[in-house]
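If you want the building blocks of each chain, they are given just below.
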Amino acid sequence: MGMVKEFLKSLREGMKQFADMVADSVNLLLLLAVYFVGIGLVSIVAKLSGKHFLDIGRQSRQSYWQKIEKRPERNSFYRMF
Amino acid sequence: MYILGISCFYHDSGACLIKDGQLVAAALEERFSRKKHDFSFPHAAIAFCLEEAGIDISAVDHVAFYEKPVLKFDRILSQHLEMFPRSFLPFFLALPSWFNEKLRLRRILRKKIGYRKNVLYIPHHLSHAASAFYVSPFEEAAVLTLDGAGEWQTSTLGIGRGQQLQQLAEINFPHSLGLLYSAVTAYLGFKVNNDEYKVMGLAGYGKPRYLEKLRKVIDVKDDGSFALNLEYFSFHYGMRMFSKKFEEEFGPARKPETEISQDHQDMAASMQVLLEEIIFKICRHLYEITKVDKLCFAGGVALNSLLNGKLFKHTPFKEIYIQPEAGDGGGCLGAAFYAYHAVFDQPRSFVMEHAYWGPQYTRAEMKQFLDDSGIKYKEYADENSLLAGVAKLIKDSFVIGWLQGRMEWGPRALGARSILSNPTNPKMQEILNVKVKHREPFRPFAPAVTAEKANEYFQGDEVVPMPADFMLMVYPVRPDHRDKIPAVTHVDGTGRLQTVRRKQNPRYYDMIKAFGELSGYPILINTSFNIRGEPIVCTPRDAYRCMMGTGIDYLLMDKFLIARADNPNDMWDSEQYAHD
């Protein structure tokens, strides 16, 4: 009985490791696809059209402070964005 | 109304609970999990807060989270879109955690603590601002927040009036003073989000020789606004903080744990001077636009005590408040108070005058732990014999572990989980470093002084402000006392003092006074009760374990005095854990 239990425990651990490996592989493939197809394509199109997502240019201004005119609405605090 | 504040998933996760606008409890998760800067969901900290209030999660009316996850994800995605394909590695390493937890807070709250009601998401810098203003004694104050980055904001100016807190101006990612300081921290071979205070300590040894060169990496205007020259940085797309160009300009980066040269010290000094210059400009501008002479300061940069100690001298501000956990861990506090005062429009009635909001242990619990563990101890019969006995031990240069009352909120040990020793012994710094802390010799130890005597020994502001109670101000030690308290006088003649008031912590205050009566100096060395690489101790067991693994001579818990020499030193060896 003990040996069977031990065998089942090892089998379960092996299966779990295998499942983790499969999950990692799928994640890797998905992330590759998202990065190179999703991020990559959008980024290339944006660069071609001169769109920037970050303020990385160094155009000197009189002040770098950006005024905040709008106050957040109460309902906005219930949103994650 | 109960509001549970939560901050997590970046660094230093924490939780707090407020009831009808009064703080009930607050703690960082690292103290329970024993993982330094633990950023995981703060299970244990939440459980402690609820237990302290004597409620379960069903009694919590609202949860307030310290940032807006989708807005932050928007910034992360923007970084990858802008920096493709250079952002490849961070994308692979960071993205899974966004989908598994950071964007699934509601699900995590439901599954892990059974919370199913509304969640409020307070923007990161608004949480910082609220964490200082709403618990300050000020009815009206200018509010400055500076850190690495929140969602998009890295710096904000604002004003608080009564229940209202308004942001007036912002600077957004990637332009960040916090990230600039962190980049120099990394360049000097220290850990980002962990070792910034080491750069502060190192600055005292250097001359600002690189100041003019450093100005190339940041464009600063008269109003203190700034823009980084991103050619010198890689934090917005890579795993390193600074780029090759930074090394071409300043020389090769220091490798961790290698020798620290004069160049490194000068670089640290230059960074500190530059930071101070910029923040003085920002503060002057903030005063100009608000015309209020009280300042609330929050965000990780507000933990720069060297800067804080000079603020009054260089800016028009006359009063200042900095909350003990001004960094990200304190975001939960701001989120909860913002929800209560600004979102639910409730009046203010709370001022955070001390930092003791963590767990405490009763005499009976301590005694049971000692008896169950077979630990030899003695119990002082009364307060006077305790004070006289321990003061004598400190005077004789023994190192005392001190666990009393509720644990501190924030990164500093303030007399609840502290190591105390004799500041008048010139060898004490070396003794502490060798026997206990295993830390770099250039880092100074902090003096704890009774508040009314602070000006006698330190050249501080005329009225020493409340942040000094939280060890957030560095002042010069008066020249005639420097050689009398050498163990707490830094190489540049300064000390990061903690002022102690009796109403905050009577036994700690009396201890300092008792030592003063013996030595002539009502000052103690107060350093955090931990070894390098571990969080500050929380429980009696943590404290005993720390003592037995180090050279701490005695541990005082409540009135129980435990001598290391009386107990078997077979608990563990701290040396193998002594790393950052």
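Residues numbered from 1 in each chain as written. Chains lettered and ligands numbered in written order. Predicted model: local features only at pLDDT ≥ 70, side-chain atom pairs only at ≥ 80, totals over all residues. Heavy atoms only, no water.

Within an unreviewed UniProt entry, the label attached to chain B reads Carbamoyltransferase.

**Q** Even after reading the chapter, I still don't get the pairing of strand 14 (residues 400–403) of chain B, so can you show me in this structure?
**A** Looking along a regular strand, one sees the side chains alternate between the two faces of the sheet. Residues and elements named next belong to chain B. Side chains of strand 14 alternate between two faces, with Ile 400 and Trp 402 and Gly 401 and Leu 403 buried alike. Where strand 14 meets strand 15 (residues 417–421), four bridges bridge the pair, whose relative direction is antiparallel. From the neighbouring strand, Trp 402 faces strand 15, where its bridge partner is Ser 418. (Buried < 20%, exposed > 50% of the residue type's maximum accessible area, 1.4 Å probe, protein only. Helix = DSSP H or I, 4+ residues; strand = E, 2+ residues; numbered from the N terminus. Pairing = 2+ DSSP bridges.)

**Q** How should I be thinking about helix 2 (residues 43–53) of chain B in this particular structure?
**A** Side chains of residues three or four places apart in an α-helix project in the same direction, reflecting 3.6 residues per turn. When helix 2 of chain B is considered as a whole, its buried residues turn out to be Ala45(B), Ile46(B), Phe48(B), Cys49(B) and Leu50(B). In this fold, the buried residues of helix 2 of chain B make contact with strand 1 (2–7), strand 2 (14–19), strand 3 (22–28), helix 1 (30–33) and helix 5 (105–113) of chain B. (Contact = heavy atoms within 4.5 Å.)

**Q** What exactly am I supposed to notice about the interface of chain A and chain B here?
**A** Frequently, the measure chosen for interface size is the accessible area that the parts lose on association. In this assembly, 36 residues from chain A lie in contact with 64 residues from chain B. Of all residues in chain A, Trp65(A), Phe77(A) and Met80(A) give up the largest surface area on contact with chain B, accounting jointly for 22% of the area buried on that side. Taken together, chain A and chain B are joined by zero salt bridges. Across the contact surface, chain A and chain B share 25 residue pairs in polar contact (both at pLDDT 80 or more). Of all the elements in the fold, those that place two or more residues in the side of chain A that touches chain B are helix 1 (2–48) and strand 1 (66–67) of chain A. Looking at the side of chain A that touches chain B element by element, the count peaks at 12 residues for helix 1 of chain A. Of the residues assigned to the side of chain A that touches chain B, the class counts are 20 nonpolar, eight polar and eight charged. Alignment of strand 1 of chain A against strand 8 (residues 164–172) of chain B, held across two bridges, turns out to be antiparallel. Bridging from a neighbouring strand, Gln66(A) pairs with Glu170(B) of strand 8 of chain B. (Buried area = accessible area lost by both parts, 1.4 Å probe. Salt bridge = Lys/Arg side-chain N within 4 Å of Asp/Glu carboxyl O. Polar contact = N/O pair within 3.5 Å; in protein donor to acceptor, adjacent residues only side chain to side chain. Nonpolar A, V, L, I, M, F, W, Y, C, P; charged D, E, K, R; others polar.)

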